[in-house]
Amino acid sequence: MTRPVVRRAGSTLKVKGRPIPFSVYPVTRTTRRFGLQSRIFASSPWGIMRQAIENTLTGTSKEEANAFLSQADSFYQIAESSHLSPTKPLLYYYSFLNIVKAFALVKGTATTYGRAVHGLVESTPAGGTEFHDSVVTVNWHGASPRLYNDLKKTLTGRTDPKNRAFQLKNVMPQLLPGHRVWCEASGSKERFVEIQRIDFRYDETSKEIWSEINIFSDDLTRFGITRDRLLSESGLSTTFQEAQSAEVIGDRKLLKFQQVTPVRYTGRPSDKVDKIVAQLKPYLWSSALSVPPYRKNYLYLCPPADRTEMLPQILSIYVTFFYLGSVTRYRPNFFEKILETKHGSHIQEVILNLPQQFLYLLASEFAGREVAHAPLV
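Predicted model only: the values in this text are computed from it and were never measured.

Visitor: I'd like a rundown of the overall build of the protein, residues and numbers included.
Guide: Looking only at helices and strands, the protein features 12 helices and 19 strands. The C-alpha atoms of the protein give a radius of gyration of 21 Å, which matches the 21 Å a tight globule of 377 residues would have. Dimensions along the principal axes, computed over C-alpha positions, put the protein at roughly 60 × 50 × 45 Å. Looking at the protein residue by residue over its 377 residues, the buried ones come to 51%. Restricting to contacts in the protein with at least 6 residues of sequence separation, those with at least 24 account for 69%. Total accessible area on the protein is roughly 17300 Å²; 51% of this is exposed by carbon and sulfur atoms. The distance from the centre of the 48 positive side-chain charges to the centre of the 34 negative ones in the protein is 5 Å.

Visitor: Let's hear about the sheet that holds strand β9 (residues 165–167): which residues, and what values?
Guide: Reading across from one edge, β7-β8-β9 is the order of the 3 strands in this open sheet, with antiparallel pairing throughout. Across the chains shown, the open sheet's two edge strands, defined by having one partner strand only, are β7 (120–123) and β9. On average, each strand axis in the sheet is inclined to that of its neighbour by 20°, with strand direction left out of account. Note that β7 and strand β8 (residues 135–138) share 4 bridges and pair antiparallel. Across the sheet, Ser123 pairs through a bridge with Val135, a residue of β8.

Visitor: Account for the pattern of salt bridges, naming residues and giving values.
Guide: The tally for this structure, following the rule as stated, stands at 24 salt bridges. Here Glu190 makes a salt bridge to Arg180, at a shortest N to O gap of 2.8 Å. Here Arg180 lies in helix α6 (residues 179–186) and Glu190 lies in the loop between α6 and β10 (192–195), a separation of 10 residues in the sequence. The class for Glu190 is buried, based on a relative accessible area of 15%. A salt bridge links Glu247 to Lys256, with the nearest nitrogen and oxygen atoms 2.6 Å apart. When salt bridges with common partners are traced through the structure, they connect Arg7, Arg197, Asp199, Arg201, Glu212, Glu247 and Lys256 into a single cluster.

Visitor: Could you give me a rundown of unusual backbone geometry, with the residues and numbers involved?
Guide: For the bond running from Pro292 to Pro293, omega is 10°, close enough to zero to count as cis. Residue placement: Pro293 occurs in the loop between β17 (284–288) and β18 (295–300). At Lys207, a residue that is not glycine, the phi angle is positive and equals roughly 60°. By the secondary structure assignment, Lys207 is in the loop between β11 (197–203) and β12 (208–216). By relative accessible area, Lys207 is classed as partly exposed at 26%. One non-glycine residue, Tyr294, lies in positive phi territory at about 75°.

Visitor: An account of the sheet that holds β10 is requested, with residue identities and associated values reported.
Guide: Spatially, 3 strands are ordered β10-β18-β17 in an open sheet, and the strand pairing comes out antiparallel. Every other strand in the sheet has two partners, leaving β10 and β17 as the edge strands with one partner each. Each strand axis lies, on average, 35° off the axis of its neighbour in the sheet, ignoring direction. As paired strands, β10 and β18 are joined by 4 bridges and run antiparallel to one another. The partner of Ile195 across the bridge, within β18, is Asn297.

Visitor: Pulling in residues and values, what's your account of the packing of helix α1 (residues 46–56) against helix α3 (residues 87–107)?
Guide: Between α1 and α3, the least distance of the axes is 10 Å, while the angle of their chain directions is 30°. Between α1 and α3, the angle falls in the class roughly parallel. Crossing geometry of α1 relative to α3 is assigned as left-handed. Two secondary-structure elements touch here, α1 through Trp46, Met49, Ala52, Ile53 and Thr56 and α3 through Ser95, Ile99, Ala102 and Val106. In the contact of α1 with α3, the residues fall into 7 nonpolar, 2 polar and no charged.

Visitor: So what's going on with the state of the cysteines? Residues and values would help.
Guide: Counted according to the given criterion, the structure contains 0 disulfides. Looking at the unpaired Cys183, the closest cysteine sulfur is the one in Cys302, lying at 14 Å. Under the relative-accessibility criterion, Cys302 is labelled buried at 1%.

Criteria and thresholds
Residues numbered from 1 in each chain as written. Predicted model: local features only at pLDDT ≥ 70, side-chain atom pairs only at ≥ 80, totals over all residues. Heavy atoms only, no water. Helix = DSSP H or I, 4+ residues; strand = E, 2+ residues; numbered from the N terminus. Rg over C-alpha atoms; globule rule 2.2 N^0.38 Å. Buried < 20%, exposed > 50% of the residue type's maximum accessible area, 1.4 Å probe, protein only. Contact = heavy atoms within 4.5 Å. Areas by Shrake-Rupley, 256 points an atom, 1.4 Å probe, with all protein chains shown as cover. Lys, Arg positive; Asp, Glu negative; His and termini not counted. Charge placed at Lys NZ, Arg CZ, Asp CG, Glu CD. Pairing = 2+ DSSP bridges. Axes fitted to C-alpha atoms, helices over the stretch in contact; angles between N-to-C directions. Salt bridge = Lys/Arg side-chain N within 4 Å of Asp/Glu carboxyl O. Parallel < 35°, antiparallel > 145°, perpendicular 65-115°, else oblique. Left-handed = near helix turned anticlockwise from the far one by under 90°. Nonpolar A, V, L, I, M, F, W, Y, C, P; charged D, E, K, R; others polar. Disulfide = S-S within 2.5 Å.

As structure tokens, then:
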């Protein structure tokens, strides 16, 4: 095991005496520099997305985006009120598809949508078993906009090549809600590790700022996860390293993983927080909660053999519902058969819990600001 390095000298970044809470949208650009922004609490994320349309678009693009979002809302509400039937996943997928169109318009990935294609196809190899051996492939016909790649480009700035394939059995464990149900069904160990907190630290002398990930030691030991494996399978092995830590919360030891290469700043360290977050965001999975702390962040430990099939969190949800929607549209008889397999309880968790997570995660992307479920009272 690699020995922890000496922790880099520095201080926790504070504003008005309060440590800056971690968020993937921590700051916004003002007329002169970056300013901190707090999370938005919303009982419904639809209003947040509509406001982003109002603030960003004009003319025909605005009309289109509002129409797509209204249709998405209608599909979603019908899905919510329906029983767990072959129609429910299909309704959710068409809701997501229309949200993606509005999102791409708001962010400038597209300026209009006429005919658009899914940009994905699903299939099960000859002799294979539906769901267990099914594959979702990036593919399309003609030159119409491809919605999967529009979503990926809007989120990441990149697209996937034609014929890139994802085995569904390697996408399902990437879904955060219901992951333990997947573990039980597949006989696998947990792959998500909860992050206790993420700190922004800086050194005034060297004019450097960096992030530090804090994880409880016993969250690794109870699953037999080494620190080296944590860094390797999370994808952080080249950008983070374990640093010496003496911090204990309660009776639990806190491990610290610091960013290897700090970011230089010239004015205020908080002006570079957005750059620090941009480097870390691709490796984080988030769960939107209706109770404090309202968001939990996790690292996903991907087995090396599955690395090429890793997807950003929002895309893993989208691809899964594309498959489920396609099955329930074209082969509804297979949907009941899938629910009767050992993975049936996991599929039910996915259908019941993932849509709301998708809404809050994507609403945050619309707004460029963390959107959390309003507290239950």
